[in-house]
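Residue-level structural notes
Below, each chain spelled out in residue letters.
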Amino acid sequence: GPRGTEVTLSVFHTDEDELREITVRRDVIVVKSVILEVREGIAILKVTRFGEETTEEFERLAAEARQQGVKGIILDVRNNPGGFLEGAVDLAGYFLPSGSVVVIEEDATQKRRELKTRGKNSLGDLPVVVLMNQGSASASEILAAALRENRNDVVIVGETSFGKGSAQELIPTSSTTSVKITVARWLTPLGNQINKVGIKADEEVKLTRDDFEAERDPQFERAWEVMRSKTQ
């Protein structure tokens, strides 16, 4: 419909008995892929997706956080559906030494290829808490697992992630059609399966719909407590 007009969506949640009607206004929605907030000397970096601009945005905001003298980082990848795998490898390079394994790509013949960091580890001396939930998928799962399995001071708070650990390719079958084929699966640096398994949180904390509607965020509150204990 025309921009600026309203549309009503009927939404059914699996844990409810009735439809909910939500009215939204049609418009172009622009969401930054990286958002920074600094609170009491702690950087809260929210990564909403891994797009073409994500690495550049993260580099700029990481430098800004450093300039403010932050003592720790809460990395929020909740509801991050993923995107470019290279973005996860790039971001891992800010937290891990160069040459660290970020993810292992395994094909149908079980041949493996390791993707490693190339960054400067500019945030590697800061404690990290990762916030993750069931909406965290693909590249966000890869990043979370890489940080935890390569470092001893990374804690994941929230819920087990989505479990999207496979790579697909589009293969043309005619001038107008193509088929999407799974060509590999992704494993964590220690060789653990991601696909249909997900990444389990170190500290399981749920965020219910009641919490959301009351504007409570117990997941973030716990992540904040863990970070405060690391930086005090």
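Just so we're clear, the structure is a prediction, and the values are computed from it rather than from any experiment.

For the rest of this paragraph, the subject is the overall build of the protein chain. Summing up its helical and strand segments, the protein chain has five helices and 12 strands in all. Against the globule reference of 17 Å for 232 residues, the protein chain gives a C-alpha radius of gyration of 19 Å, in line with a compact fold. Judged by the C-alpha coordinates and their principal axes, the protein chain covers about 50 × 50 × 30 Å. With 232 residues in all, the protein chain has 42% of them scored as buried. Long-range contacts, defined here as pairs at least 24 residues apart, represent 67% of the contacts in the protein chain between residues at least 6 apart. Here the protein chain displays about 13,000 Å² of accessible surface, and carbon together with sulfur accounts for 49% of that area. Of the charged side chains in the protein chain, 31 are positive and 38 negative; the average position of the first set lies 4 Å away from that of the second.

The subject of this paragraph is the sheet that holds strand β3 (residues 34-39). What the six strands build is an open sheet, ordered β3-β4-β5-β8-β9-β12; its pairing is mixed. Each having just a single partner strand, β3 and β12 (203-204) make up the two edges of the open sheet. As defined by bridge partners, strand β9 (residues 154-158) adjoins β12 across two bridges and the pair is classed as parallel. The residue bridging G158 from the neighbouring strand is E204, located in β12.

In this structure, F58, L75, F95 and L147 are the most contacted members of the largest nonpolar core, which totals 45 residues. Sorting elements by how many residues they give to this core places helix α3 (residues 139-150) first, with seven residues. Excluding anything up to four places from it in sequence, F95 contacts F58, I73, L75, N121, L123, G124, V128, L147 and R151. Residues I74, V155, A223 and V226 belong to the second largest nonpolar core, which totals 13 residues.

Okay, the packing of helix α1 (residues 54-67) against helix α2 (residues 85-92) next. It is the contact of α1 with α2, at a shortest axis distance of 9 Å, that shows an interaxial angle of 20 degrees. Classified by the angle between their axes, α1 and α2 sit roughly parallel to one another. Remark: the crossing between α1 and α2 carries right-handed chirality. Each of T54, T55 and F58 in α1 lies in contact with α2, whose residues at this interface are G87, D90 and L91. Taken together, the residues of the contact of α1 with α2 sort by class into two nonpolar, three polar and one charged.

A few words on the pairing of strand β7 (residues 112-116). Where strand β6 (residues 101-107) meets β7, five bridges bridge the pair, whose relative direction is antiparallel. By the bridge assignment, E105 is partnered in β7 with R113. The antiparallel pairing of β6 with β7 creates a hairpin that spans four residues between the two strands, and Q110 there sits at a positive phi of about 70 degrees.

Quick look at the pattern of salt bridges now. Counting across every chain of the model gives 25 salt bridges. Two residues, K116 and E114, come together in a salt bridge whose shortest N-O distance is 3.7 Å. If you follow the salt bridges from partner to partner, you end up with E16, R20, R209 and E213 in one network.

The next thing to look at is the pairing of strand β5 (residues 72-76). Among the five residues in β5, five count as buried, and that is most of the element. Burial of β5 is two-sided: the residues G72, I74 and D76 facing one way and the residues I73 and L75 facing the other way are all buried. Taken together, the five bridges between strand β4 (residues 42-47) and β5 define a ladder with parallel strand orientation. The residue of β5 that forms the bridge with K46 is D76.

What counts, and where the lines are drawn
- Residues numbered from 1 in each chain as written.
- Predicted model: local features only at pLDDT ≥ 70, side-chain atom pairs only at ≥ 80, totals over all residues.
- Heavy atoms only, no water.
- Helix = DSSP H or I, 4+ residues; strand = E, 2+ residues; numbered from the N terminus.
- Rg over C-alpha atoms; globule rule 2.2 N^0.38 Å.
- Buried < 20%, exposed > 50% of the residue type's maximum accessible area, 1.4 Å probe, protein only.
- Contact = heavy atoms within 4.5 Å.
- Areas by Shrake-Rupley, 256 points an atom, 1.4 Å probe, with all protein chains shown as cover.
- Lys, Arg positive; Asp, Glu negative; His and termini not counted.
- Charge placed at Lys NZ, Arg CZ, Asp CG, Glu CD.
- Pairing = 2+ DSSP bridges.
- Core = buried A, V, L, I, M, F, W, Y, C linked by side-chain atoms within 4.5 Å.
- Axes fitted to C-alpha atoms, helices over the stretch in contact; angles between N-to-C directions.
- Parallel < 35°, antiparallel > 145°, perpendicular 65-115°, else oblique.
- Left-handed = near helix turned anticlockwise from the far one by under 90°.
- Nonpolar A, V, L, I, M, F, W, Y, C, P; charged D, E, K, R; others polar.
- Salt bridge = Lys/Arg side-chain N within 4 Å of Asp/Glu carboxyl O.

Read these as spatial facts, not as claims about activity.
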